[in-house]
Amino acid sequence: MSTVIANELHRRLTFRATTVPWFTAQYQGGGLALIGLAITTAALAALESFAPTLGALTQAAAMLAIMAAVGLARFLTLRYLVF
């Protein structure tokens, strides 16, 4: 539900793309959210697999960096390809 609300707020407020149909925005935005989830999950699994001895602070920093990169990529994709 939060993805639907976020997609609609991006469509209306952030990008002012009222010409993009609601279903199209939800379909494409939801798909991007799922892709972002898959990338984040894979990156965190790879981090655990290839560097299991990292300290908690380093793991947290890596997790934040991964999530920030995926969030930025999703925003830019919404901006330039969806809306």
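Please refer to the structure higher up on the page.
Now for a quick tour of the structure. (Residues numbered from 1 in each chain as written. Predicted model: local features only at pLDDT ≥ 70, side-chain atom pairs only at ≥ 80, totals over all residues. Heavy atoms only, no water.)

1. Quick notes on the overall build of the chain
Assigned secondary structure in the chain consists of three helices and zero strands. Scaling as 2.2 N^0.38, a compact globule of 83 residues should have a C-alpha radius of gyration of about 12 Å, whereas the chain reaches 15 Å, well beyond that. The principal-axis extents of the C-alpha atoms in the chain amount to approximately 50 × 20 × 20 Å. A total of 83 residues make up the chain; the buried ones form 24% of that total. If you sum the accessible surface of the chain, you get close to 5700 Å²; carbon and sulfur atoms cover 72% of it. (Helix = DSSP H or I, 4+ residues; strand = E, 2+ residues; numbered from the N terminus. Rg over C-alpha atoms; globule rule 2.2 N^0.38 Å. Buried < 20%, exposed > 50% of the residue type's maximum accessible area, 1.4 Å probe, protein only. Areas by Shrake-Rupley, 256 points an atom, 1.4 Å probe, with all protein chains shown as cover.)

2. Some remarks on the pattern of salt bridges
Here the structure, examined in full by the defined rule, presents two salt bridges. In this structure, Arg11 and Glu8 form a salt bridge, with 2.9 Å as the shortest nitrogen-oxygen distance. Highlighted residues: Arg11 and Glu8, both in helix H1 (residues 2-14), separated by three residues, approximately one helical turn. Assigned by exposure class, Arg11 and Glu8 land together as buried. Through salt bridges with shared partners, a single network forms among Glu8, Arg11 and Arg12. (Salt bridge = Lys/Arg side-chain N within 4 Å of Asp/Glu carboxyl O.)

3. Observations concerning the packing of aromatic side chains
Tallied over the entire structure, the rule returns three aromatic pairs. Consider the rings of Phe15 and Phe75, whose centres lie 5.3 Å apart with planes at 40°: the pair is tilted. One end of the pair, Phe15, is in the loop between H1 and helix H2 (22-50); the other, Phe75, is in helix H3 (residues 56-82), with 60 residues separating them in the sequence. Classification of Phe15 as buried rests on a relative accessible area of 14%. Ring centres of Phe23 and Tyr27 lie 6.1 Å apart, and the angle between their planes is 20°; on these two criteria the pair is classed as stacked. (Phe/Tyr/Trp six-rings, centres within 6.5 Å; stacked < 30°, edge-to-face > 60°.)

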